[in-house]
Amino acid sequence: MLMLDTANIDKTKELVRTGLFKGVTTNPTILARDGLDQDAIPGLYAEFAKLPFEKIFFQAIGYTPGEMLASGLEIAALGRNVIVKVPASRVGYEVVTELHARGIPTLLTAAYHPTQAMAAQELGCWGIAPYAGRLEDLGHDPVQTITTMVDILHGTGVHTFAASLRSPDIVGILGARGVTDFTMSVEIAEKIIDNPHTLAAVDAFMRDAESMARRAPHRERHRPRR
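Rules used throughout
- Residues numbered from 1 in each chain as written.
- Predicted model: local features only at pLDDT ≥ 70, side-chain atom pairs only at ≥ 80, totals over all residues.
- Heavy atoms only, no water.
- Pairing = 2+ DSSP bridges.
- Helix = DSSP H or I, 4+ residues; strand = E, 2+ residues; numbered from the N terminus.
- Right-handed = clockwise from strand over helix to strand, strands pointing away.
- Core = buried A, V, L, I, M, F, W, Y, C linked by side-chain atoms within 4.5 Å.
- Buried < 20%, exposed > 50% of the residue type's maximum accessible area, 1.4 Å probe, protein only.
- Contact = heavy atoms within 4.5 Å.
- Phe/Tyr/Trp six-rings, centres within 6.5 Å; stacked < 30°, edge-to-face > 60°.
- Axes fitted to C-alpha atoms, helices over the stretch in contact; angles between N-to-C directions.
- 1 Å grid on protein atoms, 1.4 Å probe; cavity = no way out; pocket = protein on both sides within 12 Å on 5 of 7 lines; lining within 4 Å.
- Points joined across faces, edges and corners; volume = space filled by probe spheres on them.
- Nonpolar A, V, L, I, M, F, W, Y, C, P; charged D, E, K, R; others polar.

### As for the pairing of strand β7 (residues 159-162)
And step 1. With two bridges connecting them, strand β6 (residues 127-130) and β7 associate as parallel partners. Bridge pairing links Ile128 to Thr160 in β7.
And step 2. Sheet topology places β7 next to strand β8 (residues 181-184); two bridges connect them, and they run parallel. Bridge pairing in β8 places Ala162 opposite Phe182.
And step 3. Between the parallel elements β7 and β8, the chain passes through helix α9 (residues 168-176) in a crossover that is right-handed.

Right under this line is the structure:
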């Protein structure tokens, strides 16, 4: 399952027409890039809900379990296709436990270690989002870490949802290693969609097709009689 990691409604509408993306995710940092805060979430949901998305993700925030739980409940109330993102922290684990008890699906986010995948399974989360790019920044092997999470969660129904993707290459490598769920920025999505070599080949196809079309009347005039 491919998701878009963005709060840009116009870009989301444009890219969803490709049929590749089944949902959209945001977090406070993504919102801030577009000059938005948590108060913008209901309006974003109203727009995203008009699109053919299976899942829509928003992140709960708060310094205390009570604050984060209240945020998560507000998000969950938006619609049945919403999944609440919760950081894989001590506070987050408490909040996930409360949300799970209420039947609300959750995604553990900002994950950096395979043991957090074990926590996601134990807590009954819908999934976990390891940060590939940030793992690499820390000097860790993102492929090894994320595929270890996949192995831990194999057969459990918990999704390993790769995030912080910085190139199409890491998406392809992780896909070959068993990762099936990805959330990516608009920039990475467009690089995957618009492969320059494919575009060059399409241009060549069109030039050849147009060239042959111009010659077609000439061939018609010299067609031999039967």
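### Points about the nonpolar core
And step 1. Phe58, Leu165, Leu174 and Phe182 are the most contacted members of the largest nonpolar core, which totals 54 residues.
And step 2. Leaving out residues up to four positions away in the same chain, Phe182 has contacts with Met1, Leu2, Met3, Phe161, Ala162, Leu165, Val171, Leu174 and Gly175.
And step 3. Ranked by size, the runner-up nonpolar core spans nine residues in total, among them Met3, Leu107, Phe161 and Ala163.

### A few points about the packing of aromatic side chains
And step 1. Using the criterion set out here, one finds five aromatic pairs in the structure.
And step 2. Both rings, one in Phe57 and one in Trp126, keep their centres 5.5 Å apart while their planes meet at 65 degrees; by these two values the pair is edge-to-face. A residue pair is termed long-range when its members are at least 10 positions apart, and Phe57 in strand β3 (residues 55-59) and Trp126 in the loop between α6 (114-123) and β6 qualify at 69 residues. No difference in accessibility class separates Phe57 from Trp126, as the two residues are buried.

### Some details on the environment of Leu107
And step 1. Counting through the fold element by element, Leu107 comes out in strand β5 (residues 106-111).
And step 2. Residues contacting Leu107, with those up to four places away along its chain left out, are Phe57, Ile83, Val84, Lys85, Val86, Trp126, Gly127, Ile128, Ala129 and Phe161.

### Digging into the sheet that holds β7
And step 1. Read around the closed barrel, eight strands run β1-β2-β3-β4-β5-β6-β7-β8, paired in parallel fashion. Pairs of neighbouring strands in the sheet enclose a mean axial angle of 25 degrees, with direction left out of account.
And step 2. Against the sheet, helix α8 (residues 142-153) engages β5, β6 and β7, with an angle of about 165 degrees to β7.

### A look at the pairing of β5
And step 1. β5 sits mainly inside the fold: five of its six residues count as buried.
And step 2. In terms of strand pairing, strand β4 (residues 82-87) meets β5 through four bridges, oriented parallel. For Val84, the partnering residue across the bridge sits in β5 and is Thr106.
And step 3. Since β4 and β5 lie parallel, the crossover through helix α5 (residues 90-101) that links them has a hand, and here it is right-handed.
And step 4. Sheet topology note: the β5/β6 ladder contains three bridges and is parallel.

### Considering the layout of surface pockets
And step 1. Size it by volume and the largest pocket reaches roughly 490 Å³.
And step 2. Among the elements of the structure, α2 (28-33), β5, β8 and α10 (186-193) are those that each provide at least two residues to the lining of the largest pocket.
And step 3. Ranked by residue count, the leading element in the lining of the largest pocket is α2, at three residues.
And step 4. Tallied by class, the residues present in the lining of the largest pocket amount to ten nonpolar, nine polar and eight charged.

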